[in-house]
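Structural overview
So the chains spell out like this:
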Amino acid sequence: VTPEGFQSFLAWLSPDPDRAAHRYNEIRGGLMKMFVCRGCDRPEELADEALDRVIRKVEVVAPGYEGNPAAYVHGVAKNVFLEYLRTRRRSLEGGAVELETALRRASAPTGNTELERRHACLERCLAGLAADDRDLILRYYREAGWAKIEERQIMADETSASRSALRKRTQRIRERLKICLTGCLEGGGTA
Amino acid sequence: MTEESAVLRVWRQYLLGELSEAEQDKLEVDLLSTDTAAPELADAEDGLIEEYLDGALSAAQRRRFEEYFLLSPEHRRSLEAAGLLREALTRLAVAPSRPRRPLVGAWAGLLAAAIAFIVFNLYRKAEAPPLPPRAVAVGPTATSAVRQEPMRVALLSLSPGRVMAAGSETRIGLGAGVGTLRLELIVEDPSLTRARVVVSARDHGDVWTGTAAPARVDGGAVLTVDVPAERLHGGSSYEVAVLREPDGVKSGIYYFTVDPR
């Protein structure tokens, strides 16, 4: 990929350089998500491969192309995906083991020391939240089974929010906690 | 259905691999060219994972989730992280239950299903010696009682496929006088006529194996097996696999935890 090719690609996305840069990042992010959703294990590499192929051809393709450049990029990305499928040596047995591990980790109890470490990290991360966010997320997880579903409806009613809005808010809080918790645990529980 | 939920439904179908290629292409081009698609996709992902951990997906959706959605290593990591977070939050957030408000609207269907299930169990228990009930199990989809004399059998009814965070699993306490844990497994597979049941501890491997035939009732079936209590350890979590005979295909998975004695 040459700098000139890259500039031509950006110009194809938008004549406004800032807008073009934004579009480039949007396309790259979208490609990575697409490869993730198609089960690929190297989404970033595959996204860059697709973009490189488009950039190498942009000066030939762009002048005669009508329509959304993203659609063209998507077509190239599908070819990259098909090649990935052909060359990937997927060990079905290995995949099954990984899947089993993920399912167990998502549900398995852990030892006391590990639990204490997680609790310590989580308490630290919770302390970093705004008070109303902290109350909300703890209440969101307070009940189990059907009682939890009912509790969440009550919470939505109390805040005049839809269950969807409530879920989105808790999703954002969980995402922050997840990042904080991961960092804390990887840092030995001292973050 | 609101426009928002319709959009989320389509993204869920995409994540479960349920769309045609043309529909999939259209969504992916949106993903590459609009600001709104990525957050919608993230919402759908989050919702799917939460519902999976809640055990709220249908059997077919659960299968698609495990066979397609979890093909992606990134999705497997997301599931692990969600399970970790849920486990920790659930333990922190446990508090006494608040009084229930009256159930209305959509909850009526759930209530009806629960009542039907309880009535079904009462009917079954009526065939056995009278039971002085002592509640020992807590958790979703569980009903239990301990038969004091002469059978001293603890009864636990389980629904399949509940992958719960630790702490929210179905739990049962086995008192000193209990000799048998009778598992009543709600069966979803209509083709099941006979099955091998394998009970395994998460950290000690298989602890008991037996065979059984499901009893048919209106709208479903129940598989009943008696597990010697001596095989079960307090504080351990167990997985129950139902394997269809004669081909050994896995027909259902159930989970429970025995309280420390």
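Residues numbered from 1 in each chain as written. Chains lettered and ligands numbered in written order. Predicted model: local features only at pLDDT ≥ 70, side-chain atom pairs only at ≥ 80, totals over all residues. Heavy atoms only, no water.

Digging into the overall build of chain A
- The secondary structure content of chain A amounts to nine helices and zero strands.
- Mapped from its N terminus to its C terminus, chain A presents α and β elements in the order α-α-α-α-α-α-α-α-α.
- Buried residues in chain A amount to 43% of all 191 residues.
- Long-range contacts, defined here as pairs at least 24 residues apart, represent 60% of the contacts in chain A between residues at least 6 apart. (Helix = DSSP H or I, 4+ residues; strand = E, 2+ residues; numbered from the N terminus. Buried < 20%, exposed > 50% of the residue type's maximum accessible area, 1.4 Å probe, protein only. Contact = heavy atoms within 4.5 Å.)

A look at the overall build of chain B
- Scanning chain B from N- to C-terminus turns up six helices and 11 strands.
- Taking all 261 residues of chain B together, 49% fall into the buried category.
- A fraction of 63% describes how many contacts in chain B between residues 6 or more apart in sequence connect residues 24 or more apart.
- Counting only carbon and sulfur atoms, one obtains 56% of the accessible surface of chain B, whose full area is about 12000 Å². (Areas by Shrake-Rupley, 256 points an atom, 1.4 Å probe, with all protein chains shown as cover.)

Points about the confidence of the model for chain B
Residues and elements named next belong to chain B.
- Averaged over all residues, the pLDDT of chain B is 71; the fraction at 70 or higher stands at 68%.
- The lowest-confidence element of chain B is strand β1 (residues 137-138), averaging 32 in pLDDT; the highest-confidence one is helix α2 (residues 21-33), averaging 95.
- Here the predicted complex scores 0.54 on pTM and 0.71 on ipTM. (pLDDT = per-residue confidence, 0-100.)

Structural notes on the confidence of the model for chain A
- Here chain A averages 80 in pLDDT, while 75% of its residues score no lower than 70.
- When mean pLDDT is taken per element in chain A, helix α3 (residues 43-61) of chain A scores highest with 95 and helix α5 (residues 92-107) of chain A scores lowest with 56.

Quick word on the packing of aromatic side chains
Residues and elements named next belong to chain A.
- With the rule as written, the count across this model stands at 11 aromatic pairs over all chains.
- Here the aromatic rings of Phe 6 and Tyr 24 are separated by 5.3 Å at their centres, their planes lie at 80 degrees, and the arrangement is edge-to-face. You can see Phe 6 sitting in helix α1 (residues 3-13) and its partner Tyr 24 sitting in helix α2 (residues 17-37), a full 18 residues away along the chain.
- For Phe 6, a relative accessible area of 27% corresponds to the partly exposed category.
- Pairing Trp 12 with Tyr 72 gives two aromatic rings, centres 5.9 Å apart and planes at 65 degrees, and the pair type is edge-to-face. Taken together, the residues span a long stretch of sequence, with Trp 12 in helix α1 and Tyr 72 in helix α4 (residues 69-87) at a distance of 60 residues.
- Feature note: the residues Phe 6, Phe 9, Trp 12, Tyr 24, Tyr 65 and Tyr 72 constitute an aromatic cluster, connected by ring pairs.
- Its guanidinium or amino end placed over the ring of Phe 81, Arg 38 lies 4.8 Å from that ring's centre, counting from NZ or CZ. (Phe/Tyr/Trp six-rings, centres within 6.5 Å; stacked < 30°, edge-to-face > 60°. Lys NZ or Arg CZ within 6 Å of the ring centre and 35° of its normal.)

Describing the nonpolar core
- Among the nonpolar cores identified, the biggest contains 51 residues, and Phe 9, Leu 31 and Phe 35 of chain A together with Tyr 14 and Phe 65 of chain B are the most heavily contacted of them.
- Apart from the residues lying within four places of it in its own chain, the contact partners of Phe 35 of chain A are Cys 40, Pro 43, Leu 46, Ala 47, Ala 77, Val 80 and Phe 81 of chain A.
- Listed in part, the 30 residues of the second largest apolar core include Ala 154, Leu 192, Val 207 and Leu 223 of chain B. (Core = buried A, V, L, I, M, F, W, Y, C linked by side-chain atoms within 4.5 Å.)

Looking at the state of the cysteines
All names here are of chain A.
- The final tally for this structure, using the stated rule, is two disulfides over all chains.
- Across the disulfide, Cys 121 is cross-linked to Cys 184 (sulfur-sulfur distance 2.0 Å). In this structure the cystine formed by Cys 121 and Cys 184 twists about its S-S bond by roughly -80 degrees; its chirality is therefore left-handed. Remark: Cys 184 occurs in helix α9 (residues 163-186) and Cys 121 occurs in helix α6 (residues 112-127); sequence separation between them is 63 residues. (Disulfide = S-S within 2.5 Å.)

Concerning the pattern of salt bridges
All names here are of chain A.
- Applying the stated criterion across every chain, the model contains 21 salt bridges over all chains.
- The shortest N-O distance in the salt bridge between Glu 26 and Arg 23 comes to 2.6 Å. One end of the pair, Glu 26, and the other, Arg 23, are both in helix α2, three residues apart, so they sit about a helical turn from each other. Here Glu 26 matches Arg 23 in class, with each residue buried. (Salt bridge = Lys/Arg side-chain N within 4 Å of Asp/Glu carboxyl O.)

Some words on the environment of Met 34 of chain A
- As for its position among the elements, Met 34 of chain A is in helix α2.
- The class of Met 34 of chain A is buried, set by a relative accessible area of 0%.

Considerations on the environment of Leu 16 of chain B
Residue and element names in this part refer to chain B.
- Structurally, Leu 16 is set in the loop between α1 (3-15) and α2.
- Take Leu 16: its relative accessible area is 2%, and that puts it in the buried class.
- Spatially, the C-alpha atoms of Leu 16 and Arg 63 are 9.3 Å apart, while their sequence positions differ by 47 residues.
- Setting aside residues up to four positions removed in sequence, Leu 16 forms contacts with Leu 48, Gln 61, Arg 64, Phe 65, Tyr 68 and Phe 69.

A short note on the pairing of strand β10 (residues 237-244) of chain B
Residues and elements named next belong to chain B.
- With seven of its eight residues buried, β10 lies for the most part within the structure.
- In this structure, β10 lies alongside strand β11 (residues 250-258), joined through seven bridges in antiparallel fashion. Looking at the pairing, Leu 243 lines up with Lys 250 of β11.
- Connecting β10 to the next strand, β11, in antiparallel fashion are five residues, including Gly 248 with a positive phi near 75 degrees. (Pairing = 2+ DSSP bridges.)

Comments concerning the packing of α2 of chain A against α4 of chain A
All names here are of chain A.
- Here α2 crosses α4 at 35 degrees, and the two axes come no closer than 11 Å. For the element pair α2 and α4, the recorded crossing hand is right-handed. Taken together, the residues of α4 that come into contact with α2 (itself represented by Arg 23, Ile 27, Leu 31, Met 34 and Phe 35) are Ala 70, Val 73, His 74, Ala 77, Lys 78, Val 80 and Phe 81.
- A class-by-class count of the residues in the contact of α2 with α4 yields nine nonpolar, one polar and two charged. (Axes fitted to C-alpha atoms, helices over the stretch in contact; angles between N-to-C directions. Left-handed = near helix turned anticlockwise from the far one by under 90°. Nonpolar A, V, L, I, M, F, W, Y, C, P; charged D, E, K, R; others polar.)

Here's the deal with the packing of α1 of chain A against α3 of chain A
Residue and element names in this part refer to chain A.
- Remark: α1 packs on α3, axes separated minimally by 8 Å, with the N-to-C direction vectors making an angle of 80 degrees. Overall, the two elements α1 and α3 adopt an arrangement that is roughly perpendicular. Contact with α1, carried on its side by Glu 4, Gly 5, Phe 6, Ser 8, Phe 9 and Trp 12, involves Leu 51, Val 54, Ile 55, Val 58, Glu 59 and Val 61 of α3 and no other residues of that element. (Parallel < 35°, antiparallel > 145°, perpendicular 65-115°, else oblique.)

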